[in-house]
Amino acid sequence: MADLSLVAVLSGIVDALEEVSWTAALSGIAGIAVGAVLNAYLRYRADRAAARKELVEAIGVVADQCIAAVIDLHAVVVAGNNSADRWKAIAQYRREYASVIALEVRVFREFKDRRVRAGFRKITNRLERFRNLVADTEPVPDAKVELAQSWVEKQLSDTISFASTIAGINLTDPSRPIFIGFRRVTRQDRKVLSFGDEPAPWEFHMETQVGGMEDKDSQAFLAHNKPKVESLMCTVHNRPAHIYFVGHDRSNIAIELETCCEEFARQVEKKLAGGRKNDGLREKSQKPRST
Ligand SMILES: [Zn+2]
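This one's a predicted model, so the numbers in the text were calculated from it and none came from an experiment.

Trainee: I tried to follow the overall build of the chain on my own but got confused; where do I start?
Mentor: A count of helices and strands for the chain gives 8 helices and 4 strands. Helices and strands appear in the chain in the N-to-C order α-α-α-α-α-α-β-α-β-β-α-β. The buried share among the 291 residues of the chain stands at 22%. Long-range pairs, those at least 24 residues apart, make up 69% of the contacts in the chain between residues at least 6 apart in sequence.

Right, here's the structure in full:
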């Protein structure tokens, strides 16, 4: 491009000298200047797109290596009784995790989109939660490890999917519309855009999201409801429930359940309904989660 511009400059000047037309020469030079700026801009765009594409790949690779390091650690804990191996595995995980953290600056520099930034932050959070789960000296059940692994991988694949779209890598069927516009923001949207993560699927969770409810009232409300359900586990999937009390004000609070299956959602609801005559609750929705 630089060479071509130079040729254009020279030919512009030669033409101008031959015809002794200064206006022609000036307009030629102005055109070349605009062309140069445009070229520089296009060049910048291309560099940036390339940087993003490379970054999307890097996120996938380093996060996967980090997940593998946690699985190695789990294997060492299961094998048991050699604490040197366990410490080595923990150290290896730290090295892999450091590579993930090193990418964060690049992610924030290359991507302005909040879904990508928040998504990446959640990958780092989930990797640490996953590591904490298996780092104990006592091995946790394999099923729990698999659940945690899929929780991290889900976040990784969601984030890569957002980032790929922005970087111009098409991972989805182009015939399917992906734009979600002009509708009310749902709790799912807020989850995607939030830097805070959702509770881990292997842990019980209950919270209130009620407008105008004071902290102490919220605490009392949870203290009243928690004992009814916190020890419940789905007998089929061995998972606890995530329960959200939502509403614009105290007079109209709805329950949103996130559970592994509908059967378990029904059990949780039944327990919550026990002694619930006058607390203003109504049933809103069940959201069985298929992970
Ligand atoms: Zn279940």
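Trainee: Quick question: what am I supposed to make of the packing of helix α7 (residues 215-229) against helix α8 (residues 262-273) here?
Mentor: When two helices pack together, their arrangement is given by the angle between the helix axes and the distance between those axes. Closest axis-to-axis distance for the α7/α8 pair is 9 Å, and the angle between their directions is 130°. Judged on the interaxial angle alone, α8 and α7 are oblique. Pair α7 / α8 crosses with right-handed handedness. Facing α7, whose interface residues are Asn-225, Lys-228 and Val-229, α8 presents Val-268, Lys-271 and Leu-272. Considered class by class, the residues forming the contact of α7 with α8 number 3 nonpolar, 1 polar and 2 charged.

Trainee: I tried to follow the pairing of strand β1 (residues 205-210) on my own but got confused; where do I start?
Mentor: Two faces, one strand: in a regular strand the side chains alternate between the faces of the sheet. Relative to strand β2 (residues 242-247), β1 runs parallel, the two sharing 6 bridges. What sits directly across from Val-210, in β2, is Gly-247. Tracing the backbone out of β1, into α7 and back to the parallel element β2 gives a crossover that is left-handed.

Trainee: What is the right way to read the packing of helix α3 (residues 83-110) against helix α4 (residues 114-134) from this model?
Mentor: Where α3 meets α4, the closest approach of the two axes is 10 Å, and the angle between their N-to-C directions is 170°. Considering their axes alone, α3 and α4 lie roughly antiparallel with respect to each other. Residues Tyr-93, Tyr-97, Val-100, Ile-101, Glu-104, Val-107 and Phe-108 of α3 touch α4, and the partners they reach there are Val-116, Arg-117, Phe-120, Thr-124, Leu-127 and Arg-131. Looking at the contact of α3 with α4 residue by residue, the classes come out as 9 nonpolar, 1 polar and 3 charged.

Trainee: I'm lost on the environment of Arg-52 in this one. Help?
Mentor: Here Arg-52 lies in helix α2 (residues 22-79). Since 21 C-beta atoms lie within 10 Å of it, Arg-52 is described here as buried. Taking the C-alpha atoms as reference, Arg-52 lies 9.7 Å from Arg-109; in sequence the two are 57 residues apart. Ignoring any residue separated from it by four or fewer positions in sequence, one finds Arg-52 in contact with Glu-110, Ile-166 and Ala-167.

Rules of the game
Residues numbered from 1 in each chain as written. Predicted model: local features only at pLDDT ≥ 70, side-chain atom pairs only at ≥ 80, totals over all residues. Helix = DSSP H or I, 4+ residues; strand = E, 2+ residues; numbered from the N terminus. Buried ≥ 20, exposed ≤ 12 C-beta atoms within 10 Å, placed from the backbone. Contact = placed C-beta atoms within 7 Å. Axes fitted to C-alpha atoms, helices over the stretch in contact; angles between N-to-C directions. Parallel < 35°, antiparallel > 145°, perpendicular 65-115°, else oblique. Left-handed = near helix turned anticlockwise from the far one by under 90°. Nonpolar A, V, L, I, M, F, W, Y, C, P; charged D, E, K, R; others polar. Pairing = 2+ DSSP bridges. Right-handed = clockwise from strand over helix to strand, strands pointing away.

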